[in-house]
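The residues making up each chain are set out below.
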Amino acid sequence: MAVPAWMGRFVVSRAFAGTFPREARWAGCAWLTWCGLVLALCYWLPSQTLPWLLLPVALGWGLVAVCDWRSRRDSRRTPPGQLSLIEGIRALGERDFNLRQFAQCGPLFKMSQFGTPTICVLGLERIERLIKGHSEFLGPSTLPISNGVEGSFLRYMPAETHAVYGRLFRRAMSGPFGSGQTAAIERLCAEQLRLLVGPPASPFPRLQTLARRALNQLLLGLEPGTRAGDRFDELARGFATAGIGWSLGRRDRESLDEMRQILAQQVDAEEARGGDSALSPSVLLRLRQQDPQMPDRICFDNLIVMHRIATGNVSSLLGWLLYRWGTEPEIVAALQQAPESEGVTGLRTFLSETLRTSQSEYLYRRVVREFEFEGYRFPRGWLLRGCVWESHRTSAVVTGPDRFRLRQEPLAYDRRHFIPLGMGAHACNGGDINELICLAFLGRLWHTRAVRVTHATPLQRQTRHWSHWQPNQALLVSLEMGP
Ligand code: HEM
């Protein structure tokens, strides 16, 4: 009964059920089954079978002990902290776990992320010095979805391939985008937000559609209502269920093949339309304009996976923007009363502050060769997590850094003190696209009379250390449009 008593702590915890509802249901079923089994066996077969139940328990604890031992065996002179599998799992559900560890251990501490020892680092200047100054010792921490991508996904490419494709994509994805593009995205925002006017409803399906269609347009030049646009959108909806933490399955690879074919035809068609198009060129066509041999298969696959990952990133950022707009009435009222000329600056600051306080999380790297930093060993095979959210939250250049405020301090959003989109060669190249979509979205919210949000907490994430925190999936929103 020691096992169900221990598990019961999680199962009856409201915080656990609120943060991980699916896992809580599974744990609840497992808990009830185990209790039932033990009680039934106690009653009917006490002497013969009960000892056998100790076997799976001992096996489970044995596995945990082996994991912990493997993590610990090469941990001499590494930063302070605990390499315990169970502690690492507990950390998943506590957003301020790392902050508490930093307060206890200092700016570097170690932990176990599902058995992989990980060194967490606080302070943007320190993270930059560590990542940029040790590039020959650090490699990417590759997500399995990248293995299904021809030539690998940009973020995880070998340096020599990234030297070619990184530059190509960065140029193609940099703004400015034309006024036609902006108007199309504004229409999309208006369409999707209109569906939230009236009784409270979940905003997530609307936000996902909005992010996906905006990226169809900006990245690929695919418009709704066209055969190619609608088919790609349908395939992208299916592809969105491919977990980025898993390799692609057979159905996902088939979708990838078909999406690749659509893009090959789309780039020729967009090129043929040339100057007749009402919209400025998509990223897909910009790749061709830079180099007539492009886009090749590496570009197509990267665009498709980028579309998949960015749909998730942008839709959850839109969720945060909606949540902040609904829960910061004084700030919103000040923005709505400001003169028109200051409008966009205010909205841009609102976006930066949302990124700073809500959706900037980390930079991960894997140690490929052992090195030393600030007196500590960084053993080969360990992960390094630059804790960006925690660094923003403890920054010395703003007052009350953990609060949501539209910052006037000159250094608040300076790139040395604010890096929600990463830094260096692998910094996010979707910044301009992201800003275009988010400003169009905030522009529509600016016209609302009221945004009401309920059931936003407890915040949620998936059960991986690299997944992002979000408002609760039970979030309900109701909009009232202004004149
Ligand atoms: C909420 C919005 C977004 C956030 C917070 C975000 C954050 C980041 C971060 C932190 C990195 C650096 C990762 C690292 O160094 O390990 C990154 C890289 C990247 N992001 Fe974003 N991103 C966002 C939106 C987008 C969008 C909209 C796109 C594309 C349309 C995009 C495409 C990329 C790509 C391709 C890279 C890899 C760049 C390279 O390695 O050359 N991101 N992003």
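The preceding data block contains the structure.
Residues numbered from 1 in each chain as written. Predicted model: local features only at pLDDT ≥ 70, side-chain atom pairs only at ≥ 80, totals over all residues. Heavy atoms only, no water.

*Asks:* Now, about helix α14 (residues 297-327): what can you tell me, with residues and values included?
*Replies:* End to end, α14 covers 45 Å across 31 residues, agreeing with the expected 45 Å (1.5 Å per residue, within 8%). The element α14 is extensively covered by neighbouring structure, given that 26 of its 31 residues are classed as buried. At the N-terminal boundary of α14, the capping side chain belongs to Asp296, with an oxygen 3.2 Å from the backbone nitrogen of Ile298. (Helix = DSSP H or I, 4+ residues; strand = E, 2+ residues; numbered from the N terminus. Expected span 1.5 Å × (residues − 1). Buried < 20%, exposed > 50% of the residue type's maximum accessible area, 1.4 Å probe, protein only. Polar contact = N/O pair within 3.5 Å; in protein donor to acceptor, adjacent residues only side chain to side chain.)

*Asks:* Mind laying out the coordination of the iron atom of the ligand, listing which residues take part and the relevant values?
*Replies:* Of all protein atoms, Cys428 (SG) alone acts as a donor to the iron atom of the ligand, lying 2.4 Å away. Here Cys428 lies in the loop between α17 (388-393) and α18 (431-446). (Donors = N, O, S within 2.8 Å, 3.2 Å for Na, K, Ca; no water.)

*Asks:* Which residues make up the site of the ligand, and what values go with them?
*Replies:* In the vicinity of the ligand lie 24 residues, with His162, Arg365, His426, Cys428 and Asn429 positioned nearest. Of all the secondary-structure elements, those providing two or more residues to the shell around the ligand are α8 (159-173), α14 and β4 (362-367). (Near = heavy atom within 4 Å.)

*Asks:* Lay out the pattern of salt bridges with the relevant residues and their values.
*Replies:* Applying the stated criterion across every chain yields a total of 34 salt bridges. The closest approach of N and O atoms between Glu353 and Arg356, which form a salt bridge, is 2.9 Å. Highlighted residues: Glu353 and Arg356, both in helix α16 (residues 343-357), separated by three residues, approximately one helical turn. Pair check on accessibility: Glu353 and Arg356 agree, each one buried. The partner of Arg407 in a salt bridge is Glu409, with the nearest N and O atoms 3.8 Å apart. A relative accessible area of 7% places Arg407 in the buried class. (Salt bridge = Lys/Arg side-chain N within 4 Å of Asp/Glu carboxyl O.)

*Asks:* Which residues make up α16, and what values do they have?
*Replies:* In this model α16 runs 21 Å from its N-terminal to its C-terminal C-alpha over 15 residues, within 8% of the 21 Å that 1.5 Å per residue would give. Within α16, eleven of the 15 residues are buried, which leaves it mostly tucked inside the rest of the structure. Here α16 has its buried residues at Gly346, Leu347, Thr349, Phe350, Leu351, Ser352, Glu353, Thr354, Leu355, Arg356 and Thr357. The inward-facing, buried residues of α16 contact α14, α15 (329-337), α17 and α18. (Contact = heavy atoms within 4.5 Å.)

*Asks:* Outline unusual backbone geometry, supporting the account with residue identities and numerical values.
*Replies:* Cis geometry is found at the peptide bond from Gly175 to Pro176, where omega equals 0°. Positionally, Pro176 belongs in the loop between α8 and α9 (179-194). Here His455, not a glycine, exhibits a phi torsion of approximately 60°, which is positive. Tracing the backbone through its elements, the reader meets His455 in the loop between β8 (448-454) and β9 (476-481).

*Asks:* With reference to specific residues and values, describe the sheet that holds strand β3 (residues 138-139).
*Replies:* The five strands lie next to each other as β1-β2-β7-β4-β3, forming an open sheet whose pairing is mixed. A strand with exactly one partner marks an edge of an open sheet, and here the two such strands are β1 (108-113) and β3. Relative to strand β7 (residues 383-387), strand β2 (residues 116-121) is paired through four bridges, and the arrangement is parallel. The residue of β7 that forms the bridge with Val121 is Gly386. Contacts between helix α7 (residues 124-133) and the sheet are confined to β1, β2, β3, β4 and β7, with β7 contributing the most and set at about 145° to the helix. (Pairing = 2+ DSSP bridges. Axes fitted to C-alpha atoms, helices over the stretch in contact; angles between N-to-C directions.)

*Asks:* So what about the packing of α16 against α18? Which residues, and what values?
*Replies:* Packing of α16 against α18 brings their axes to within 10 Å, and their N-to-C directions diverge by 115°. When the axis of α16 is compared with that of α18, the two are roughly perpendicular. Seen along the crossing, α16 lies across α18 with a hand that is right-handed. When α16 is examined against α18, the residues Val344, Leu347, Arg348, Phe350 and Leu351 are found in contact with a partner set consisting of Glu435, Cys438, Leu439, Leu442, Gly443 and Trp446. Classifying every residue of the contact of α16 with α18 by side-chain character gives eight nonpolar, one polar and two charged. (Parallel < 35°, antiparallel > 145°, perpendicular 65-115°, else oblique. Left-handed = near helix turned anticlockwise from the far one by under 90°. Nonpolar A, V, L, I, M, F, W, Y, C, P; charged D, E, K, R; others polar.)

*Asks:* How would you explain the side chain of Ser391 if you had to name every residue and give the values?
*Replies:* Checked against the element boundaries, Ser391 lands in helix α17. According to the relative accessible area criterion, Ser391 is buried, its value standing at 5%. Every residue in contact with Ser391, bar those within four places of it in the chain, is listed here: Leu122, Gly123, Leu124 and Ile127.

*Asks:* Give a description of the environment of Trp69 that names residues and reports values.
*Replies:* You can see Trp69 is positioned in helix α4 (residues 46-72). For the pair formed by Trp69 and Ser84, sequence separation is 15 residues and the distance between their alpha carbons is 9.0 Å.

*Asks:* Got a sec to walk through the pairing of β4? Specific residues and values, please.
*Replies:* Of all the six residues making up β4, five are buried; the element is thus mostly covered by neighbouring parts of the structure. With five bridges connecting them, β4 and β7 associate as antiparallel partners. Along β7, the bridge assignment pairs Tyr364 with Arg385.

On their own, these measurements won't tell you what the molecule is for.
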